[in-house]
Amino acid sequence: MIVDLKDCKKAVYINSEETVLEALNKEGILVYAPCGGKGDCGKCKIKIKGQISPITKEERKILTKEEIYKGIRLACKTYLYGQAEAEILEEQFTNESKGKLGAKRIYAIDNHIVKKVVQLDSPTFENGYTMADAIKKKLGNVHIGLKIMRYLSHHIDYTKDTTFTLYKDELIDIEYEDTRDQIYGIAIDIGTTTVVCYLIDLVKGVSIEVSSMQNPQVGYGADVISRINYTLENKDGLEILNKRIIHGIDELIHKVMEKTKIEKRHIYECVLVANTTMTHLFLGLDASSLSRVPFNAVTKEIIIEDAEQIGIKNINTKGKVVFLPGIAGFVGADTVGAMIAANLINNKDIKLLIDLGTNGEIVLSTPKGNYACSTAAGPAFEGAKIKYGMQAFSGAINQVEITDDLYYTTIDQKPAKGICGSGLIDIVSELLRVGIIREDGKIVDTEDLENEKLARRIIKNGSQKEVIIAYENETQKDGYIAITQKDIREIQLAKGAIRGGINILLKVAKVKINDIDKILLAGTFGNFINKESARRIGVFPNVSMDKIISIGNAAGEGAITALCNQTVIQEQAEVYSSTTKHIEISNHPDFQDEFLEGMYLK
């Protein structure tokens, strides 16, 4: 059976035993499906007509009567019986929220890549040199692999100056021109939601281009558990997710190459960071051990492999792919990268480092040592499991303020399409401030409010209360945009997990809230949220605002720093990996109490 996709201008063949979502995923067509195709989130909406399966009970619970009338279905619940025509309602976005260069920074360069220009001595009867001897005479006892040896056997030229490129003591390339000013590297942050790629000039020590995209695994679930489950429930699941992320990274590298006209031959190293699950999927490692107690990884050590061995095609084939080490459990290399960016080595202050991404990690750094945990906050802050939630794309409500009425802004000043994470935090904070919701998260009755404009925003949809954020005439949708009682509970659960994790780390380290010198907010979400709003609802401890600092995409910044300077890997990354004390918060006897207390909006 074939479905014609109007928006993609292509036809996709669909097996009768697979859903439309499964088929689109196979084609690499991104459809946001936070629940991993279980039919719970309602985000994979398509408009479809033709020979298709009847609408399901799950769809009737999620879709409105008007949507059903218009032919809207969930891709994860729709099968083809013949020819059909479809339109993906959620656009295929490239998330550029992280894909922007920050302030110009010069990085200290002490990289493993060295280029030397020499002219080789020709073999003679007297010296008896082999080709390898001639090279080692000039460069020292370097390792020459079989691939380079094969190339040399065809192309060696003793009459010309030759540029030899070395990675440590390994010869990885030769050229018959002086290319010493062309040494480049790639730093990549593989987030659960977004992947960011930085192109770095390793001669000048500057970042020269950046590109980002949605993680191409989003169609298989928004969180790490969904993706692990996919690999467990499908015999080729690991291979599929591995190929998706490798191909996606190659696309990002190609983008930065195109923008800068740099040859892939001159990109010699790629340093990556990711959480533990994303690391396993990138490396093709079975992640099943992360799904059961004690949630141990296959490895947490630094990984260094040739690009061709990993499958990365858009750097030098003998270039090195370096994955920074992790810590333990779900606290991975991205946390190590963030610790590098925050410079927590030999720290004399008490700092709380919080990454509010899809997979929430927390580090408490003290003069006595570092403590780390991960929290099952889930992807609520990214808009998943939120009725009108969306990622931070054009049209997303991103800021909210209440005075005489509720006012909001959207990304790119477009008509409202949904609510992103920063908007959700603002909404809950402002509704709490003016008394529309209570500390326990419950929406009050309309008669409890004196302000008529605000009271009109509280409506009942079936048995559930909602607060209208954008009226129908203000949106890109066929109706209003609201936050529901269930949405608020999802935010409370995510917030409770984060706050519970923070409080457990403070207990273990015997640190009081008043002792905290700085709270460092990492990740794009941490960079864009209103810190005062987050503090008001208790996402992090109630410290003075001047102690709360956003440090941007710290994981990516740490990867760049490690790429530029080999001593950072030895003196920081490996130290953080081996000495940071991992706390499995679900095992702590006080976690349940801290989690429940953390759900209160205060």
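Whatever comes next refers back to the structure up there.
Model, not experiment: these values are computed from the prediction.

### Looking at the overall build of the chain
Here is step 1 of the chain: Within the chain one finds 18 helices and 27 strands.
Here is step 2 of the chain: Here the chain has a C-alpha radius of gyration of 26 Å; the compact-globule value for 602 residues is 25 Å, and the two agree.
Here is step 3 of the chain: Its C-alpha atoms put the chain at 100 × 65 × 45 Å along the principal axes.
Here is step 4 of the chain: Within the chain, contacts between residues separated by at least 24 positions form 67% of all contacts whose residues are at least 6 apart in sequence.

### What about the environment of Asp-426?
Here is step 1 of the chain: Looking at the secondary structure, you find Asp-426 in helix α11 (residues 421-433).
Here is step 2 of the chain: Separated by 108 residues in the primary sequence, Asp-426 and Ala-534 have C-alpha atoms spaced 7.6 Å apart.
Here is step 3 of the chain: Those residues in contact with Asp-426 that lie beyond four places of it in its chain are Asn-398, Gln-399, Val-400, Asn-530 and Ser-533.

### Re empty space enclosed by the protein
Over the atoms rolls a probe the size of a water molecule, and its path tells where empty space is left.
Here is step 1 of the chain: Going through the model one piece at a time under the given rule, you end up with two cavities of 30 Å³ or more.
Here is step 2 of the chain: Estimates place the volume of the largest cavity at around 40 Å³.
Here is step 3 of the chain: In terms of lining residues, the largest cavity is bounded by Asp-334, Thr-335, Ala-338, Leu-353, Asp-355, Glu-361, Ile-362 and Val-363.
Here is step 4 of the chain: Residue assignment for the lining of the largest cavity shows that the elements contributing at least two residues are α10 (333-342), β16 (351-355) and β17 (360-366).

### Things to note about the sheet that holds strand β15 (residues 320-323)
Here is step 1 of the chain: The strand order across the open sheet formed by six strands is β12-β11-β10-β13-β15-β14, and the pairing between neighbours is mixed. The outermost strands of the open sheet, each flanked by one partner alone, are β12 (206-214) and β14 (303-306). Neighbour to neighbour, the strand axes of the sheet diverge by 20° on average, direction disregarded.
Here is step 2 of the chain: When strand β10 (residues 184-190) meets strand β13 (residues 267-274), the two strands line up parallel, connected through seven bridges. In the strand pairing of β13, Tyr-184 is matched with Ile-267.
Here is step 3 of the chain: Against the sheet, helix α7 (residues 237-260) touches β10, β11 (194-201), β12 and β13, its axis set at about 140° to β12.

### Digging into unusual backbone geometry
Here is step 1 of the chain: Of note, the bond from Val-293 into Pro-294 is cis; its omega dihedral lies within 30 degrees of zero at 10°.
Here is step 2 of the chain: Here Pro-294 shows up in the loop between α8 (276-283) and β14.
Here is step 3 of the chain: Positive phi outside glycine occurs at Gln-413, with the angle close to 55°.
Here is step 4 of the chain: Topologically, Gln-413 is positioned in the loop between β20 (406-410) and β21 (418-419).
Here is step 5 of the chain: The exposure class assigned to Gln-413 is exposed, which follows from its relative accessible area of 71%.

### Observations concerning the environment of His-254
Here is step 1 of the chain: Assignment of secondary structure puts His-254 in helix α7.
Here is step 2 of the chain: Accessibility expressed as a relative area gives 35% for His-254, which makes it partly exposed.

### What to know about the sheet that holds strand β24 (residues 481-484)
Paired through backbone hydrogen bonds, the strands of a sheet run either parallel or antiparallel to each other.
Here is step 1 of the chain: Pairing in this open sheet of three strands is antiparallel, and the strands run β22-β23-β24 from one edge to the other. Strands with a single pairing partner mark the edges of an open sheet, and in this sheet they are β22 (458-461) and β24. Each adjacent strand pair in this sheet contributes to an overall mean axis angle of 45°, direction not counted.
Here is step 2 of the chain: Bridging between strand β23 (residues 464-470) and β24 involves four bridges; their strand directions are antiparallel. Looking across to β24, one finds that Ala-470 is bridged to Ile-481.
Here is step 3 of the chain: Strands in contact with helix α13 (residues 485-509) are β23 and β24; relative to β24, the strand with the most contacts, it is inclined by about 60°.

### A word on the side chain of Gln-214
Here is step 1 of the chain: With respect to the secondary-structure elements, Gln-214 resides in strand β12.
Here is step 2 of the chain: In terms of polar contacts, Gln-214 uses its side chain to reach the side chain of Gln-391, at 3.0 Å.

### Observations regarding the packing of helix α6 (residues 224-233) against α7
Here is step 1 of the chain: At a minimum axis separation of 6 Å, α6 and α7 run at an interaxial angle of 130°. Taken together, the axes of α6 and α7 lie oblique to each other. Residues Arg-227, Tyr-230 and Thr-231 of α6 form the contact with α7, whose own contacting residues are Gly-237, Leu-238, Ile-240 and Leu-241.
Here is step 2 of the chain: Class assignment of the residues belonging to the contact of α6 with α7 gives a composition of four nonpolar, two polar and one charged.

### A word on helix α18 (residues 591-598)
Here is step 1 of the chain: For α18, every residue scored as buried is listed here: Phe-591, Glu-594, Phe-595 and Gly-598. Take α18 and look down its axis: the buried residues cluster within an arc of 100°, on one side only.
Here is step 2 of the chain: Next to the buried residues of α18 lie α13.

### A short note on the pattern of salt bridges
It is possible for side chains of opposite charge to pair when their charged atoms get near one another.
Here is step 1 of the chain: Under the defined criterion, the tally for this structure stands at 31 salt bridges.
Here is step 2 of the chain: The closest approach of N and O atoms between Glu-67 and Lys-45, which form a salt bridge, is 2.8 Å. Residue Glu-67 is found in helix α3 (residues 65-69), and its partner Lys-45 is found in strand β3 (residues 45-52); the two are separated by 22 residues along the sequence.
Here is step 3 of the chain: On the basis of relative accessible area, Glu-67 is assigned to the buried category, the value being 18%.

### Considering the packing of aromatic side chains
The description of two aromatic rings rests on the distance between their centres and on the angle between their planes.
Here is step 1 of the chain: The final tally for this structure, using the stated rule, is five aromatic pairs.
Here is step 2 of the chain: Each ring, one from Tyr-388 and one from Tyr-480, has its centre 6.3 Å from the other, and the planes form 50°; the classification is tilted. Taken as a pair, Tyr-388 in the loop between β18 (369-375) and β19 (396-402) and Tyr-480 in the loop between β23 and β24 lie far apart in primary sequence, 92 residues in all.
Here is step 3 of the chain: Residue Tyr-388 is classed as buried on the basis of its relative accessible area, which comes to 14%.
Here is step 4 of the chain: When the ring centre of Tyr-600 is taken as origin, the NZ or CZ atom of Lys-602, which lies over that ring, is 5.5 Å away.

Analysis parameters
Residues numbered from 1 in each chain as written. Predicted model: local features only at pLDDT ≥ 70, side-chain atom pairs only at ≥ 80, totals over all residues. Heavy atoms only, no water. Helix = DSSP H or I, 4+ residues; strand = E, 2+ residues; numbered from the N terminus. Rg over C-alpha atoms; globule rule 2.2 N^0.38 Å. Contact = heavy atoms within 4.5 Å. 1 Å grid on protein atoms, 1.4 Å probe; cavity = no way out; pocket = protein on both sides within 12 Å on 5 of 7 lines; lining within 4 Å. Points joined across faces, edges and corners; volume = space filled by probe spheres on them. Pairing = 2+ DSSP bridges. Axes fitted to C-alpha atoms, helices over the stretch in contact; angles between N-to-C directions. Buried < 20%, exposed > 50% of the residue type's maximum accessible area, 1.4 Å probe, protein only. Polar contact = N/O pair within 3.5 Å; in protein donor to acceptor, adjacent residues only side chain to side chain. Parallel < 35°, antiparallel > 145°, perpendicular 65-115°, else oblique. Nonpolar A, V, L, I, M, F, W, Y, C, P; charged D, E, K, R; others polar. Arc of directions from axis to C-beta. Salt bridge = Lys/Arg side-chain N within 4 Å of Asp/Glu carboxyl O. Phe/Tyr/Trp six-rings, centres within 6.5 Å; stacked < 30°, edge-to-face > 60°. Lys NZ or Arg CZ within 6 Å of the ring centre and 35° of its normal.

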